[in-house]
Amino acid sequence: MAELWHTLTGEEALMQLRSAADRGLSQSEAGTRLREVGLNAIQAARKTPWWSIFLSQFRDFMVLVLIGATIVSFLLGEVGDAVTILAIVLMNAALGFIQEYRAEKSVETLKQLTAPEAHVLRDGAVKTIPAEELVPGDIVELEAGDRIPADCRLLAVWGLKTDEAALTGESQSVRKTLAPVADPEAPVADRRNMVYMGTSVSHGRGQALVVATGMHTEMGTIAHLMREAVEDQTPLQRRLEHLGKILVYLSLLIVLVVVITGLFRGEPLYQMFLTGVSLAVAAIPEGLPAIVTIALALGVQRMIRAHAIVRRLPAVETLGCTTVICTDKTGTLTKNQMTVTAIWAGEERVEPGENAGHSLTVRKLLTGAVLCNNASAGESLGHDSGQAKGDPTEVALLWAAQDCGVSPADIGKEYIRQGEIPFESERQRMAVMAADRRNRRAVYVKGAPDAILPRCRFMELNERVLPMDRRLRLQAQAANDQMADEALRVLAVAYRPVRGDEPEEAWEQDLVLLGLVGMIDPPRPEAVQAIREAKKAGLRTVMITGDHPKTARAIGERMGMLGPGDEIITGPELDRLTDQELAARVAQIRVYARVSPPHKLRVVRAWKAKGDVVAMTGDGVNDAPALKEADIGVAMGKTGTDVTKEASAMILTDDNFATIVRAIEEGRAIYDNIRKFIRYLLSCNVGEVLVMFLAAFFGMPLPLLPIQILFVNLVTDGLPAMALGVDPPSPGVMDRPPRSPNESIFARGLGTKIAFRGILIGVSTLLVFVWSMSVWGMGLREARTMALGTLILSQLFHVFDARAEDRSFLEIGLFSNIWAVLAVGSSIVMLVAIIYVPSLRELFKTDPLSWSDWLVVVLASGFIQMLAAFRDVVLRPIRQMVRRSAQ
């Protein structure tokens, strides 16, 4: 029956639900129905308990391998090794759980933005209750600015208009009526006697009967559909899973070779097995999942402070490879507050401000605009006060009056409204009768110029009322056309003094034109700058709006979105294009005007078909499929519906385009940091494996004992790698184009750098080991200490190299990441401790080193950094001096 409520009269609907328009339900009856139908709330998609979120952290391939290694280590008696691995696994799981749980809690907080309370008639009295306690049969009171708390059949309306863009995509407010709709299959947009959950009242007031709540509403129906969606892995998830498998297989293969070689050489089986286990632990970068999680988690925390809530950690990285941003106009690129930018009064055109208020005609025009106005501004009027309520156009007129020194509060005290002819879409105008304290009465009219100008016989010019001849009429029309060409919404304001009583039919005759007011929803200044930054970063910004093409073009030009060859198309034109034709033109289309939410899905698919990574913004229920289809769905925190937020990967708490660009910058920086510690970890692991492999291959004694390999793994794979994960963004991170979503994580020479540095670490360590025994005549234990020191310091020096791919560590600043300095310092302290503290020295089988020994270790470990420092400090200044002198 629910889908047929619009076909019934109000009385029939009341009978069906056993309710009364004058009393509503009783409190006891409402309680009974609440127990039967449940809370009036949209159920969160895929709601999972905390323990399930925690257990999901252990599904990663590398984590499962490490759990297996933990079990093997326990069985072999290597309890210390097992505890270390298990601690890393648990830390990774805890971090992932905390971040995902926090993100979901942040989303729960945002839900308070949608209709938290409702004014309901119960037991004959109007009460304010939580909206989730509404039940079918309740009678609700609706006023301008209210969010509709449930699906309702209207019982009474007083100029009621609702904003249904969230549900239908209709950008204009919809005037509501009471008459039944005969067609049982009428679409939601045509059911003028119904209001729906998640939409809002933009004008007037009304009384309505609740007919559906919670998941039984139109919004709930769409939420059911959203639960069936299947999400793909992000590029980072796919890359890390693939990388993890490759590293595990390669590491195990090399470990197997080392163990078999040692056995053939006559080494004891037990020692070689321990060596194999230790080398496997060193070779597999078990810190990788934990550090990736830490990098993503810290990025998410920074983004929350910057007004972006990321609901899934890996989505941060996807932002980093975004190539196209498809964005709404209203509220995202613009301020979502209509603003008067031009006032034309006779022969003068001014902008709102104190100087504009010096003209008596302008002051009279704004007085008429305030009187012929149903918006309210609260006690203190201000553009950002948040107190103004009502139609955005009428609120803009109040702000313009205030800016020109015409106080709406003072006008409200000076004049008394005595009658009103409400605005209707068919008439395109509104009229009021008002009287001042001296009982001087006048009619004030505002509306579309096409509806007002033909009714004007006079025009006020320079404070004189003149007959509106052909010349003045052409001037007014020219001013109107000019504002329209600038994509301003234009209203005309007129008045007429009234003597005696007049019927309403005569109010709008023989009017005196006061002037025209032009307004627009202006661009956010920070969004204009963000679009410039996005363009410099190789990102394409596409605007999608339900506005008129002229308005869309004007905003696009003001924001610098449109260039030579860029196109604007409308929704009807888009409907006439096949998918193939759209795919061929999509790269040239920068603005979509007069489109509805379903068009967004086509636009997303067209860009994705070209191989682009697409971010799509949305706030309405019908935007949810497009957000789900996009690589990054971005929901609005203030105006977005619950369904849209559930479909999104990221929520903007300030509904600001600039926040998207900041998030993309953060995503790029995080991916850079992931590359940094992959470079660092794998170079170190290659060096460690190579030392053991070459020694086994050439028949040498083992350069490192199993306990020493584990120590290297502890001091180099822990804090230093984590410090790279929090490295600050590079200054030029937004000066380069986005990387391809298919780009290997080893692209741009990273694989070569890893191999080169790994070979350098391994060879230098082995040479020091051989040199110590063959040239200096050291014993095996002391030579192993030299090799241990060289291997660890080589890796710690590499921390600073890994921080920049195209510059030296001196150029980026040694102390620009203080955490890296502290991590390296702590690792050096640990190394010194196991060499000089007697109890630790016996545990790790080391010998004390002399100053000359340390000199060899430092030179072998850091000669690359020394060469880089010499180049930067000595050679580069010399080259610059030579270049300047040659010029």
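Residues numbered from 1 in each chain as written. Predicted model: local features only at pLDDT ≥ 70, side-chain atom pairs only at ≥ 80, totals over all residues. Heavy atoms only, no water.

Trainee: Hey, could you go over the overall build of the chain for me, with residue numbers and the actual values?
Mentor: Broken down by element type, the chain carries 32 helices and 24 strands. Here the chain holds 887 residues, and the buried ones make up 53% of them. When contacts within the chain are restricted to residue pairs at least 6 apart in sequence, those whose partners lie at least 24 apart make up 71%. (Helix = DSSP H or I, 4+ residues; strand = E, 2+ residues; numbered from the N terminus. Buried < 20%, exposed > 50% of the residue type's maximum accessible area, 1.4 Å probe, protein only. Contact = heavy atoms within 4.5 Å.)

Trainee: Help me get a handle on helix α17 (residues 525-536), residues and values and all.
Mentor: With twelve residues, α17 should reach 16 Å at 1.5 Å per residue; the first-to-last C-alpha distance of 17 Å fits that figure. Within α17 the residues assigned to the buried category are Ala527, Val528, Ala530, Ile531 and Ala534. Viewed end-on, α17 has its buried residues packed into an arc of 165°, placing them on one side of the element. Facing away from the buried side of α17 by over 90 degrees, the exposed positions are Pro525 and Lys536. Turning to α17, the residues buried within the fold contact β19 (540-544), α18 (549-558) and α24 (657-697). Positive phi shows up at Gly538, right after α17, with a value of about 80°. (Expected span 1.5 Å × (residues − 1). Arc of directions from axis to C-beta.)

Trainee: Break down the pairing of strand β23 (residues 632-636) for me, with residues and values.
Mentor: Here is the key point about a regular strand: its side chains alternate between the two faces of the sheet. Here β23 lies mainly inside the structure; five of its five residues are buried. A two-sided burial pattern is seen for β23, the buried positions comprising Ile632, Val634 and Met636 on one face and Gly633 and Ala635 on the other. Relative to strand β24 (residues 650-652), β23 is paired through three bridges, and the arrangement is parallel. Looking at the pairing, Ala635 lines up with Ile651 of β24. (Pairing = 2+ DSSP bridges.)

Trainee: For the side chain of Thr617, give the residues involved together with the corresponding values.
Mentor: With respect to the helices and strands, the residue Thr617 is situated in strand β22 (residues 614-618). In contact with Thr617, other than residues within four places in its own chain, are Cys326, Thr327, Asp328, Lys600, Leu627, Val634, Met636 and Ile660.

Trainee: Please set out the packing of α24 against helix α25 (residues 706-717) residue by residue, giving values where relevant.
Mentor: Close contact between α24 and α25 brings their axes to 11 Å; oriented N to C, the two are set at 165°. As judged from the angle between their axes, α24 and α25 are roughly antiparallel. Seen along the crossing, α24 lies across α25 with a hand that is right-handed. Touching Tyr680, Leu681, Asn685, Glu688 and Met692 of α24 are Ile709, Val712, Thr716 and Asp717, all from α25. Considered class by class, the residues forming the contact of α24 with α25 number five nonpolar, two polar and two charged. (Axes fitted to C-alpha atoms, helices over the stretch in contact; angles between N-to-C directions. Parallel < 35°, antiparallel > 145°, perpendicular 65-115°, else oblique. Left-handed = near helix turned anticlockwise from the far one by under 90°. Nonpolar A, V, L, I, M, F, W, Y, C, P; charged D, E, K, R; others polar.)

Trainee: Go over the sheet that holds β24, please, and point to the residues and values.
Mentor: If you trace the eight strands from one edge of the open sheet to the other, you get β8-β24-β23-β22-β9-β19-β21-β20, paired in mixed fashion. The strands lining the two open edges of the sheet, one partner per strand, are β8 (308-310) and β20 (567-570). Between one strand axis and the next, the sheet turns by 20° as a mean value, whatever way the strands run. In this sheet, β19 lies alongside strand β9 (residues 324-328) in parallel orientation, the contact comprising five bridges.

Trainee: How would you summarise helix α16 (residues 470-485) if you had to cite specific residues and measurements?
Mentor: Taking 1.5 Å as the rise per residue, α16 with 16 residues should run 22 Å; its terminal C-alpha atoms sit 22 Å apart, in good agreement. The N-cap of α16, judged by a side-chain oxygen 3.3 Å from the amide nitrogen of Arg471 a few residues on, is Asp469. Phi turns positive, to about 65°, at Ala487, one or two residues after α16. (Polar contact = N/O pair within 3.5 Å; in protein donor to acceptor, adjacent residues only side chain to side chain.)

Trainee: Explain the packing of aromatic side chains residue by residue, including any values.
Mentor: Under the counting rule described, the total for this entry stands at two aromatic pairs. Ring geometry for Tyr444 versus Tyr495: centroids 6.3 Å apart, planes at 25°, classification stacked. In this pair, Tyr444 sits in strand β14 (residues 441-447) while Tyr495 sits in strand β17 (residues 489-498), placing the two residues 51 residues apart along the sequence. Across this residue pair, the class does not change: Tyr444 and Tyr495 are buried. Above the face of the Trp158 ring, Arg205 is positioned so that its terminal group lies 4.3 Å from the ring centre. (Phe/Tyr/Trp six-rings, centres within 6.5 Å; stacked < 30°, edge-to-face > 60°. Lys NZ or Arg CZ within 6 Å of the ring centre and 35° of its normal.)

Trainee: Could you give an account of the pairing of β14, with specific residues and numbers?
Mentor: The buried count for β14 comes to six of seven residues, which makes it a mostly enclosed element. Summarising the sheet, strand β13 (residues 429-435) and β14 pair through seven bridges and their orientation is antiparallel. Counterpart to Arg429 in the pairing with β14 is Gly447. Alignment of β14 against β17, held across seven bridges, turns out to be antiparallel. Within β17, the position partnered with Gly447 by the bridge is Ala492.

Trainee: Which residues make up the pattern of salt bridges, and what values do they have?
Mentor: On inspection of all chains with the given rule, the structure shows 30 salt bridges. Between Glu420 and Arg417 there is a salt bridge; the shortest N-O distance is 2.8 Å. Where salt bridges share partners, they join Arg18, Glu29 and Arg33 into one cluster. (Salt bridge = Lys/Arg side-chain N within 4 Å of Asp/Glu carboxyl O.)

Trainee: Describe the confidence of the model for the chain, naming the residues involved and giving the relevant values.
Mentor: Model confidence for the chain is summarised by a mean pLDDT of 82, while 84% of its residues fall at 70 or above. Per-element mean pLDDT across the chain ranges from 61 in helix α5 (residues 79-110) up to 95 in β14. Predicted confidence is poor over residues 109-115, with pLDDT under 50, and the contacts of this stretch with residues over four places away or in other chains come to 20 contacts. When the criterion is pLDDT under 50, residues 228-232 qualifies, and its contacts beyond four places in sequence or with other chains add up to seven contacts. (pLDDT = per-residue confidence, 0-100.)

Trainee: Summarise the nonpolar core; cite the residues concerned and give the values.
Mentor: The biggest cluster of nonpolar side chains holds 124 residues, and the ones touching the most others in it are Leu513, Met650, Phe657 and Tyr680. Element by element, the count of residues in this core is highest for α24, at 18 residues. For Leu513, the residues in contact, after removing those within four places along its chain, are Trp344, Leu453, Cys456, Phe458, Met459, Glu460, Met468, Ala476, Ala492, Val493 and Ala494. With 35 residues, the next largest nonpolar core counts Met338, Val340, Leu397 and Val493 among its residues. (Core = buried A, V, L, I, M, F, W, Y, C linked by side-chain atoms within 4.5 Å.)

Trainee: Tell me what's going on with the environment of Arg205, and back it up with residues and numbers.
Mentor: Mapped onto the elements of the fold, Arg205 is located in strand β7 (residues 200-212). Separated by 62 residues in the primary sequence, Arg205 and Glu143 have C-alpha atoms spaced 4.3 Å apart. In this structure Arg205 touches Leu142, Glu143, Val157, Trp158 and Leu160, once residues within four positions along its chain are discounted.

Trainee: A description of the packing of helix α12 (residues 360-371) against helix α13 (residues 392-403) should follow, citing residues and the corresponding values.
Mentor: Taken N-terminus to C-terminus, the directions of α12 and α13 make an angle of 145°; their axes are 9 Å apart at the nearest point. Crossing hand, α12 versus α13: left-handed. Contacts from Leu366, Ala369 and Val370 in α12 reach Leu397, Leu398, Ala400 and Ala401 in α13. Looking at the contact of α12 with α13 residue by residue, the class counts come to seven nonpolar, no polar and no charged.

Trainee: Run through the environment of Arg363, naming residues and quoting values.
Mentor: Looking at where Arg363 falls in the secondary structure, it is placed in helix α12. Through-space distance from the C-alpha of Arg363 to that of Cys404 is 7.8 Å; in sequence the pair is 41 residues apart.

Trainee: So, the environment of Ala663: which residues are in play, and what are the values?
Mentor: Counting through the fold element by element, Ala663 comes out in helix α24. Accessibility expressed as a relative area gives 2% for Ala663, which makes it buried. Placed 364 residues apart in sequence, Ala663 and Gly299 show a C-alpha to C-alpha distance of 9.0 Å. If near-sequence neighbours (up to four positions away) are discounted, Ala663 is found in contact with Met303, Leu319 and Met650.

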